[in-house]
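# Structural features, examined
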Amino acid sequence: MRLLSKLTLSFCLFLSTGAWAQQLVNMQYSVSMEKAAEHLYHVELTNKTHLQTLSFKMCVWTPGYYQLINFAGAVQNFTVADAKGNPLKFDKPTKDTWKVTNPAAGDVKITYDVKAVVPFVGNVYLDETRAYITPGGLFMYLEQELRHPVTIKMKPYSKWKDLVATGLDTLKGQYHIYKAANFDVLYDSPFLMGELEVLPPFNVQNKPHNFIGYKLPAFDRQAFMDDLKKIVVTGSNIIGEIPYTHYTFLSIGEGGGGIEHLNSTSLSFSGGEGFNTPEARKRLYNFIAHEYFHHYNVKRIRPVELGPFDYSKENHTNMLWVSEGFTVYYEYMITRHADLMNNEDMFGDFQNNLRNYENQPGHLYQSATQASYDTWDDGPNGRQGDDFNKTISYYDKGPILGLMLDFNIRHATQNKKTLDDVMRLLYYKYYKKLNRGFTEQEFRNECEKMAGVPLTEVFEYASTVKPPDYPKYFAYGGLAVDTATKVVSESWAGLNVRQQGDTLRINTVAYKSPAWDKGIRGRTVILTVDGSPATKDVLFKAFETKNTGDSLTLGLLKNGEKKDVTIVLGRLREKTFKITPLPNPDKLQAAIFKSWTEGDR
């Protein structure tokens, strides 16, 4: 294990040291950060491509985060010169491209700064306490060099220790000079530096695993690492092989969100007292299990569209319901089989996914495949803020489809095969043998071969808005799911509000709710509730004292116009989707339930 300044992790895609020595590395970067107080990285790139016209580009997105990001907008002070230091001409034909004229076709050196002010796992950030680099937000590329080797010399801020946490290996005998077999590897290898703490490492299958964090809060470090090891052991046992040499969890600071990589993951890690509550700890372990299992599902088990990448535009796929949604499914499986949650906890997680999906109007309009393809426009959780949202989240429908597909395979094969067998087949056949991703049809074919029967209905549930027969599929696994509609509120208006200081605002209004039918929409201020000054407490107390058929008068302000609107309150009916074990399962149902909930124990 290599820690501190040489903490690096190997990719299975890396070339051997001898092969590296025989290749000319045309793209050689050097990164310094002495202007940390100004949030400025300084990048120098020596290019040996020897073309007369060079179009250097910044990425417009970063792998693992399917949204466009204006990385080029953070670039400042671009300069370019030939090998003798003579300035070369350049222009900007697009906002993401610097086109350099190189008449002598010799070596070119470019320099530029990057303003790093966004503390987010999918961007670059720098201050006097930490540096976090999403490589796609820092390193320009040439299209003709994307599949070729690249080196990076990292110069941490002089006031810090020399610790550089990254997934990249160093060149043999070279201090802080890192190598990547190509730009897909580089852009998948974040860097973390600064005021960092290294937690006690552990080995799984003789592979070192590290957790390195920025300003970690108070929590039991050893107990956490013991639980983290359970996650890694359980997750890796699903596939049976660990494909990386080392793995590092990079904790970049408080917040939310994480992005997976081939042999590392970037986490916004919030610990402290909240971490020590059972519910918060369970959420954290689900989150970490999700990002860890992604090194299989997305990074290696992947649709053909997810690599090699085009970094100049969106990379659409219909399969994020599998790549992301099934990873949610497996995060629950991992934490349950690692004994970090119980059956009721797991049932509750699936119940939340069902409620989030089924009790919103989007499930009537958008399929899981459409949500996957449209994520670049809609966002990972569907569009937010629409008056009437016709989108869904593949994070909610995907895990339910994964559960139904798993139970279908188990039922059809008398519990001899599972979704795990499909994932292993995809890993060994497409990733290891064919060295590529799979198509939609290939994925379906492999699932149906494993089940030994057509799986038409499940795949229709993914590609259409056909209502799923949840009781049928849940029963395959010995589960009952309550799909009856129940009254959950007798004084319902359909308002989702938030208090901002002295102002009570309406965020969203439920479709076809009493408030919706009165023309009330989001982004509206509530001034009064039945004549009293509006606060969240006043509004909620009004609901508590009223019943179906009672009136509620709101004084509203929107676009500078004030008006009073009277709402006749109604009943809110929803499906709870409560999940419980079947009271009298047959032999096969009982066997599937046991193996599904307990794993290989």
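Structure's up top.
Below: a short report on this structure. Only a predicted model underlies this, so the values are computations on that prediction, with no experimental measurement involved. (Residues numbered from 1 in each chain as written. Predicted model: local features only at pLDDT ≥ 70, side-chain atom pairs only at ≥ 80, totals over all residues. Heavy atoms only, no water.)

The next subject is the overall build of the protein chain. Tallying secondary structure elements over the protein chain gives 17 helices and 30 strands in all. For 601 residues, the compact-globule estimate of 2.2 N^0.38 gives 25 Å, and the C-alpha radius of gyration of the protein chain, at 27 Å, lies within 12% of that figure. Seen along its three principal axes, the alpha-carbon backbone of the protein chain occupies a region of about 85 × 65 × 45 Å. Among the 601 residues that make up the protein chain, the fraction classed as buried is 56%. Split by element, the accessible area of the protein chain, about 24,800 Å² in all, is 48% carbon and sulfur. Seen as two clouds, the 69 positive and the 67 negative side-chain charges of the protein chain have centres 2 Å apart. (Helix = DSSP H or I, 4+ residues; strand = E, 2+ residues; numbered from the N terminus. Rg over C-alpha atoms; globule rule 2.2 N^0.38 Å. Buried < 20%, exposed > 50% of the residue type's maximum accessible area, 1.4 Å probe, protein only. Areas by Shrake-Rupley, 256 points an atom, 1.4 Å probe, with all protein chains shown as cover. Lys, Arg positive; Asp, Glu negative; His and termini not counted. Charge placed at Lys NZ, Arg CZ, Asp CG, Glu CD.)

The next point concerns the sheet that holds strand E3 (residues 53–57). Pairing between the strands of a sheet comes from backbone hydrogen bonds, and it takes one of two forms, parallel or antiparallel. In spatial order, the strands read E3-E6-E5; together these three strands make up an open sheet with antiparallel pairing. If you trace the sheet from one side to the other, it starts and ends with E3 and strand E5 (90–94), each paired once. Across the sheet, the mean angle from the axis of one strand to that of its neighbour is 30 degrees, orientation sign disregarded. In terms of strand pairing, E3 meets strand E6 (residues 97–101) through five bridges, oriented antiparallel. Bridging across to E6, Ser55 finds its partner in Lys99. (Pairing = 2+ DSSP bridges. Axes fitted to C-alpha atoms, helices over the stretch in contact; angles between N-to-C directions.)

Here we take up the layout of surface pockets. Any empty space left between the atoms is revealed when a probe the size of a water molecule rolls over them. Estimated volume of the largest pocket: approximately 1,500 Å³. Taken together, 50 residues make up the lining of the largest pocket; nearest its centre are Asn359, Gln360, Pro361, Ala510 and Glu574. Mapped by element, the contributors of at least two residues to the lining of the largest pocket are helix H7 (343–358), strand E22 (485–492), strand E23 (495–500), strand E24 (503–509) and strand E29 (570–575). Considering only residue class, the lining of the largest pocket consists of 19 nonpolar, 19 polar and twelve charged. (1 Å grid on protein atoms, 1.4 Å probe; cavity = no way out; pocket = protein on both sides within 12 Å on 5 of 7 lines; lining within 4 Å. Points joined across faces, edges and corners; volume = space filled by probe spheres on them. Nonpolar A, V, L, I, M, F, W, Y, C, P; charged D, E, K, R; others polar.)

Moving on, we come to the sheet that holds strand E12 (residues 169–170). Spatial ordering of the open sheet is given by E4-E7-E2-E1-E10-E13-E12, a layout of seven strands whose pairing is mixed. In this open sheet, the two edge strands, each paired with only one partner strand, are strand E4 (75–82) and E12. The sheet contact formed by strand E10 (residues 150–155) and strand E13 (residues 177–180) spans four bridges and is antiparallel. When the sheet's bridge partners are listed, Ile152 is paired in E13 with Tyr178.

Examined bridge by bridge, E23 and E24 share six bridges and lie antiparallel to one another. Residue Gln499 lies in a different strand from E24, and its bridge partner there is Leu504. Linking E23 back to E24 in an antiparallel pair, the connection comprises two residues, with Gly501 at a positive phi of about 65 degrees. Examined bridge by bridge, E24 and strand E25 (residues 524–529) share three bridges and lie antiparallel to one another. Looking across to E25, one finds that Arg505 is bridged to Val525.

Next up on the list: the nonpolar core. Core analysis: the biggest nonpolar cluster contains 147 residues, and Tyr41, Phe224, Trp321 and Phe443 have the highest contact counts within it. In terms of residue count, the dominant contributor to this core is helix H10 (residues 394–412) (eight residues). In terms of nonpolar packing, the next biggest core, distinct from the first, is built from 22 residues, Leu495, Leu504, Ala534 and Leu552 among them. (Core = buried A, V, L, I, M, F, W, Y, C linked by side-chain atoms within 4.5 Å.)

Residue Pro308 is bonded to the preceding Gly307 through a cis peptide linkage, with omega at -10 degrees. Position of Pro308 among the secondary structure elements: in the loop between helix H4 (278–293) and helix H5 (320–323). Phi is positive for Asn77, which is not a glycine, with a value near 55 degrees. Inspection of the secondary structure puts Asn77 in strand E4. In this structure, Asn435 is a non-glycine residue whose phi angle is positive, near 60 degrees. Looking at Asn435, the relative accessible area reads 56%, which means it is exposed.

Relative to the helices and strands, Glu279 resides in helix H4. Judged by relative accessible area, which is 43%, Glu279 ranks as partly exposed.

What follows covers the side chain of Lys57. Mapped onto the secondary structure, Lys57 falls in strand E3. A polar contact of 2.5 Å, which involves the side chain of Lys57, links it to the side chain of Glu143. (Polar contact = N/O pair within 3.5 Å; in protein donor to acceptor, adjacent residues only side chain to side chain.)

Summed over all chains, the structure comprises 52 aromatic pairs. Taking 6.2 Å as the distance between ring centres and 25 degrees as the angle between the ring planes, the aromatic pair formed by Phe211 and Phe249 counts as stacked. Of this pair, Phe211 sits in strand E17 (residues 207–214) while Phe249 sits in strand E18 (residues 247–251), and the two are 38 residues apart along the sequence. For Phe211, a relative accessible area of 0% translates into the label buried. Through a chain of ring-to-ring contacts, the aromatic side chains of Phe293, Tyr296, Tyr329, Tyr330, Tyr332, Phe350, Phe407, Tyr427, Tyr428, Tyr431 and Trp596 assemble into a single cluster. It is Arg221 that lies over the ring of Phe219; its NZ or CZ is 4.5 Å from the centre. Here the basic side chain of Arg521 rests over the ring of Trp516, its NZ or CZ set 3.5 Å away from the ring centre. (Phe/Tyr/Trp six-rings, centres within 6.5 Å; stacked < 30°, edge-to-face > 60°. Lys NZ or Arg CZ within 6 Å of the ring centre and 35° of its normal.)

Looking now at the packing of helix H6 (residues 325–337) against H7. Packed helix pairs are specified by the crossing angle of their axes together with the interaxial distance, meaning the distance between the axes. Where H6 contacts H7, the two axes come as close as 10 Å, and the packing angle between them is 170 degrees. Here H6 is positioned roughly antiparallel relative to H7, judged by the angle of their axes. Packed against H6, whose contacting residues are Val328, Tyr329, Tyr332, Met333 and Arg336, the element H7 presents Asn343, Met346, Asp349, Phe350 and Asn353 at the interface. Partitioning the contact of H6 with H7 into residue classes produces six nonpolar, two polar and two charged. (Parallel < 35°, antiparallel > 145°, perpendicular 65-115°, else oblique. Contact = heavy atoms within 4.5 Å.)

Nothing here speaks to function; it is geometry throughout.
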